[in-house]
Amino acid sequence: MEQAHSFAPATGDPLAAVPGHLPIAFERISSSTDRAGLDRDVAQEFPVAIEINGFGYAVLMATPLDLEDLIYGFLRAERLAATARQILATDCYRLEAGYIVRITVDAAVAERLTDRVRHRTSDSSCGLCGVENLEQAMRALPHLTATSDASSLAVFRALGALSDHQPLNRMTGGVHAAALCDAAGHIRLVREDVGRHNAFDKLIGAMMRQGLDWDGGFALLSSRCSYELVEKAVLSQCPMLVTISAPTSLALARAREAGLDLRVLARPDSLLSPALPA
């Protein structure tokens, strides 16, 4: 049986009580084969089915925290809704197997949706799920006009502070974070999820809902630099993307195509800035 929850920004939102983690019993086995019981928190992961104007659009595997932020960011990354005003209503239904989020969008989004509706299933390491042709997968990206005012020192400052803004990861050690950082490297907002794509969508969605902009800052992600994350950054007009792990060749090519500034393999003592072609 479905339990309906309407999303609301107030603290009374019934989904706000979802902790995002569960204590699980384990047996610890040492190298000397000694055994001891222990409890450890693990990150929650559920299917989240997305329906838009009655169409089944996607299924994501996500941590059930900040789901409304996830929906807003996902619709922007899908090039369906560019602003929060285009999303008219969101309702969440909790089922035994997971969640269904039913979204109502305005006429302009509905028209784009009709052209692109497909059933797609993705998981926390998703790639080209449900895309039927290469042309659709590699759609042209807009060229960025915004620039970041952040120095390398600002990036190192944000890196040093990120763990303080990851409460779920401190408990579980199993989730990614996406952070909005200002030009001085101060962290303004963070979202967490088992999926790096979801974490970034949640951050972008939270920015949409709160009316926040990048303001010359940058995004810091606790993940590798994949082409999907580059595309999400470009579509949200993020001027610089920083990731703690390595990029792929496609991520570098897509970033260069769109004029996105990258910093990768960002660690406490060094980072890499891709060289521009001669």
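See the structure above.
Residues numbered from 1 in each chain as written. Predicted model: local features only at pLDDT ≥ 70, side-chain atom pairs only at ≥ 80, totals over all residues. Heavy atoms only, no water.

### Section: the overall build of the protein chain
- Summing up its helical and strand segments, the protein chain has eight helices and 14 strands in all.
- Partitioning the contacts of the protein chain with sequence separation of at least 6, the portion at a separation of at least 24 is 55%.
- Just so you have it, the protein chain exposes about 13300 Å², and 53% of that area is on carbon and sulfur atoms. (Helix = DSSP H or I, 4+ residues; strand = E, 2+ residues; numbered from the N terminus. Contact = heavy atoms within 4.5 Å. Areas by Shrake-Rupley, 256 points an atom, 1.4 Å probe, with all protein chains shown as cover.)

### Side note on the sheet that holds strand E9 (residues 176-181)
- Ordered in space as E10-E9-E11-E12-E13-E14, the six strands form an open sheet in which the pairing is mixed. Since the sheet does not close on itself, it has two edges, and those belong to strand E10 (187-193) and strand E14 (270-272), each with one partner. Averaged over all pairs of adjacent strands, the angle between their axes in this sheet comes to 20 degrees, without regard to strand direction.
- The sheet contact formed by strand E12 (residues 240-243) and strand E13 (residues 261-267) spans three bridges and is parallel. Note on E13: the bridge partner recorded for Val-242 is Arg-263. (Pairing = 2+ DSSP bridges. Axes fitted to C-alpha atoms, helices over the stretch in contact; angles between N-to-C directions.)

### Comments concerning the pattern of salt bridges
- All told, the structure shown has 12 salt bridges when counted by the stated rule.
- Residues Asp-261 and Arg-263 are paired through a salt bridge, measuring 2.8 Å at the closest nitrogen-oxygen approach.
- Several salt bridges converge on common partners, so that one network encompasses Asp-66, Glu-68, Asp-69, Arg-191 and Arg-209. (Salt bridge = Lys/Arg side-chain N within 4 Å of Asp/Glu carboxyl O.)

### Brief notes about the packing of aromatic side chains
- All chains considered together, the criterion is met by two aromatic pairs.
- Measuring from ring centre to ring centre gives 5.7 Å for Phe-46 and Tyr-99, while their planes differ by 85 degrees; the resulting arrangement is edge-to-face. Of this pair, Phe-46 sits in strand E4 (residues 46-52) while Tyr-99 is found in strand E7 (residues 98-105), placing the two residues 53 residues apart along the sequence.
- For Tyr-99, a relative accessible area of 5% puts it in the buried group.
- Judged by centre distance (6.1 Å) and plane angle (75 degrees), the rings of Tyr-57 and Phe-74 are edge-to-face. With a gap of 17 residues between them, Tyr-57 in strand E5 (residues 55-62) and Phe-74 in helix H1 (residues 67-77) connect regions that are remote in the sequence.
- Assessed through its relative accessible area of 1%, Tyr-57 is described here as buried. (Phe/Tyr/Trp six-rings, centres within 6.5 Å; stacked < 30°, edge-to-face > 60°. Buried < 20%, exposed > 50% of the residue type's maximum accessible area, 1.4 Å probe, protein only.)

### Regarding H1
- Taking burial as the measure, the 11 residues of H1 include 10 buried ones, the bulk of the element.
- By the burial criterion, the buried members of H1 are Leu-67, Glu-68, Asp-69, Leu-70, Ile-71, Tyr-72, Gly-73, Phe-74, Leu-75 and Ala-77.
- Following H1 by one or two positions, Arg-79 adopts a phi angle in the positive range, close to 60 degrees.

### Let's talk about the packing of helix H6 (residues 196-210) against helix H7 (residues 227-235)
- Running from N to C, H6 and H7 point in directions that differ by 5 degrees, and their axes come no closer than 10 Å. Relative to H7, the element H6 is oriented roughly parallel. Contact with H6, carried on its side by Arg-196, His-197, Phe-200, Asp-201 and Ile-204, involves Glu-228, Leu-229, Lys-232 and Ala-233 of H7 and no other residues of that element.
- Tallied by class, residues from the contact of H6 with H7 come to four nonpolar, one polar and four charged. (Parallel < 35°, antiparallel > 145°, perpendicular 65-115°, else oblique. Nonpolar A, V, L, I, M, F, W, Y, C, P; charged D, E, K, R; others polar.)

### What to know about the environment of Arg-256
- For Arg-256, the location among the structural elements is in helix H8 (residues 249-258).
- Arg-256 gets classed as partly exposed once you look at its relative accessible area, which sits at 46%.
- Separated by 18 residues in the primary sequence, Arg-256 and Pro-274 have C-alpha atoms spaced 9.4 Å apart.

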